[in-house]
Every structure is written in structure tokens, then in C-alpha cells.
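Listed here are the chains, written in short residue letters.
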Amino acid sequence: MTALALSMMTGGNSPDRAAREHAEQLARVAATKDRQAFAELFDHFAPRVKSFMMRKGATAEQAEDLVQETMIAVWSKAALYAADRGSVATWIFTIARNLRIDRLRREKSNQFTDLDDYDAPSDDPSQDETLRRIQEDGAVAKALAQIPPEQRELLILSYVEDMPQSEIAARLQIPLGTVKSRMRLAYRRMKKMLETLT
């Protein structure tokens, strides 16, 4: 989810203004541990991170835990944010996604089977498969960071927000044809970069 998508959901604020406000709030947290700025970021992003986690299969309780972990990381790592690598929204959702992956790996390592001579095949992905998926996710994130912001934004809205192209066009107030052409360009660029990164 990008700052543009988030700001459009709040209504009133322009996308650029919302993105600037988030960056300013995060800068205040980084510089002076400004609690008011952090509260504003929390109020804006916490419900969206929770919704994102639940769409990815987390229970409400797990999603709440991940929201807390994400926002604690935002508080403690605010100084590490680099505006040239994406919006505040992208940075926060990347933290959330990584925490979710870490949580899934921890939970998987704690699982065990205590049955004698039980050799039935498992439906769970193997360690090799899990590692491959993590590497693929890393390659996708790297490629995503290198495409133009307007194309990256469309991919995030489409895949993170599960938003149809017609709704993306309405939300961004651009023609549907523009959305489709930018998506095609983004797909081509992502595919080309992933071929070189993997």
C-alpha cells in the first residue's frame, strides 16, 4: 500500500500532501522521539497493517501482535528510513511483511511431530521451498524499488490492496487505459529485472 492509496482513503488530503505529512511525522519521531507524531502515524497505519495481515491469513490476535511489533519497529528505527527508497507507507508495510515472514519461520521451527514411524508426506513447504520463497520475495522487493514510482504504486495497489484496475483508476483519478498501459510497462520491467536478479 502506498501513501497515495492511504491518503485517498482518508479523504480530503491530496496524495502528495499526505505523503509529505507522513515523512514529516517520521522525521520528528527520528529526531526527537515526538510522541504526537508517532501517535498520528500509529492512528493512520495500524488499522491498515492489521487489515493487510488478516488478508494474508493472520487471525485478529496475530494481526494485532504484528501491528504492535511493526509500530515498535517504526518507533525504534525511524532514523533508518530513507526517502529515496520509497514512501513512508512502503517502508512501514515492508517492515510489517518482514515481521510476518519472521513470525511464520519461528512458528514453523517450533512445530514438530512426535509420532513413531510416521513418514506420510507433509503438505507444508520444505525448508528449501521456504528459503526459495524468501529469496524470491527479496528479489521482487529489490526489483520493485527500481521501477518508476507511478508504476510501483500501481503494482502495490493491485497486489497488496487486491484492487481491480477500474478501482485503481478511480482512486488515482487517471484513465483506465493509463492504468493498463502503466501496469503492462511495470510487468515488463519487473520481469526483465527479476531475470537478472534471480
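Residues take numbers from 1 onward in each chain, read along the sequence in its written order. Confidence filtering applies because this is a predicted model: local features only for residues at pLDDT of at least 70, side-chain atom pairs given and counted only at 80 or more, and all residues used for totals across whole chains, interfaces and linings. Note that water and hydrogens are dropped before the side-chain values are worked out from all heavy atoms of the structure.

Caption draft 1: Broad picture of the overall build of the protein. In this text, helices come from DSSP runs of H or I with a minimum length of four residues, and strands from runs of E with a minimum of two, each type numbered from the N-terminal end. Secondary structure assignment for the protein yields 9 helices and 0 strands. When the helices and strands of the protein are listed from N to C terminus, the series reads α-α-α-α-α-α-α-α-α. Scored against the burial criterion, the 198 residues of the protein give a buried share of 35%. Sequence separation of 24 or more characterises 62% of the internal contacts of the protein that already satisfy a separation of 6 or more. Surface exposure here means Shrake-Rupley accessible area, sampled with a 1.4 Å probe, where a residue is shielded only by the protein chains that are shown. Accessible area of the protein: about 12,100 Å², with a carbon and sulfur share of 50%. Summary of the burial criterion: residues with accessible area below 20% of their type's maximum are buried, those above 50% are exposed, and those between are partly exposed, where the area comes from a 1.4 Å probe applied to protein chains only. In this description, contact between two residues means that some pair of their heavy atoms is separated by no more than 4.5 Å.

Caption draft 2: Focus on the packing of helix α3 (residues 35-55) against helix α4 (residues 60-77). Only the stretch in contact is used when a helix axis is fitted, and all axes are lines through C-alpha atoms; the angle between N-to-C directions ranges over 0 to 180 degrees. Where α3 contacts α4, the two axes come as close as 9 Å, and the packing angle between them is 145°. Taken as a pair, α3 and α4 cross one another with a handedness that is right-handed. Each of R35, F38, L41, F42, A46, V49, K50, M53 and M54 in α3 lies in contact with α4, whose residues at this interface are A60, A63, E64, L66, V67, Q68, T70, M71, V74 and W75. Gly is placed with the polar residues, together with every amino acid not listed as nonpolar (Ala, Val, Leu, Ile, Met, Phe, Trp, Tyr, Cys and Pro) or charged (Asp, Glu, Lys and Arg). Each residue belonging to the contact of α3 with α4 can be placed in one class, and the counts come to 14 nonpolar, 2 polar and 3 charged. Note on convention: the crossing is left-handed when the near helix lies turned anticlockwise from the far helix by less than a right angle, right-handed when the turn is clockwise.

Caption draft 3: Geometry of the nonpolar core. We call a set of buried residues a nonpolar core when its members are Ala, Val, Leu, Ile, Met, Phe, Trp, Tyr or Cys and they connect through side-chain atoms within 4.5 Å of each other. Ranked by internal contacts, the top residues of the largest apolar core, which has 27 residues, are L26, M53 and V74. Those elements that provide at least two residues to this core are α2 (15-32), α3, α4 and α5 (88-110). Not counting the four nearest positions on each side in its chain, V74 is found in contact with L26, F38, W91, I92 and I95. With 17 residues, the next largest nonpolar core counts M163, A169, M183 and A186 among its residues.

Caption draft 4: Structural view of the packing of aromatic side chains. Working definition: a ring pair exists when centres of Phe, Tyr or Trp rings (six-membered ring for Trp) sit within 6.5 Å. Plane angles under 30 degrees give stacked, over 60 give edge-to-face, the rest tilted. Inspection of every chain in the model, using the stated rule, returns 4 aromatic pairs. Each member of the aromatic cluster is reached from another via a ring pair, and the members are F38, F42 and W75.

Caption draft 5: The arrangement of the pattern of salt bridges in detail. Salt bridge, as used here: a side-chain nitrogen of Lys or Arg that lies within 4 Å of a carboxyl oxygen of Asp or Glu. Overall, the coordinates contain 7 salt bridges when judged by the stated rule. In this structure, R28 and D34 form a salt bridge, with 3.2 Å as the shortest nitrogen-oxygen distance. Overall, R28 belongs to the partly exposed group, its relative accessible area being 32%. Judged by its relative accessible area of 21%, D34 is partly exposed. Here R105 makes a salt bridge to D102, at a shortest N to O gap of 4.0 Å.

Caption draft 6: Quick peek at the side chain of T70. Tracing the backbone shows T70 in helix α4. On the basis of relative accessibility, which here comes to 0%, the residue T70 falls in the buried class.

Caption draft 7: Quick look at unusual backbone geometry. Phi angles above zero are rare outside glycine, and K33 is one such case at about 50°. Inspection of the secondary structure puts K33 in the loop between α2 and α3. Even without a glycine there, the phi angle at Q173 is positive, about 60°. By the element assignment, Q173 lies in the loop between α8 (165-172) and α9 (176-197).

Caption draft 8: Region of interest: the environment of P47. Structurally, P47 can be placed in helix α3. Of the residues examined, P47 reaches a relative accessible area of 46% and is grouped as partly exposed.

Caption draft 9: Expanded view of the confidence of the model for the protein. pLDDT is a per-residue confidence score from the predictor, ranging from 0 to 100. Averaged over the protein, the pLDDT score is 77; the fraction of residues at 70 or greater is 73%. Taken element by element, the protein is modelled with least confidence in helix α1 (residues 3-10), mean pLDDT 39, and with most confidence in α3, mean pLDDT 91. Low pLDDT, under 50, characterises residues 113-122; the stretch is placed with 1 contact to residues that sit more than four places away or in other chains.

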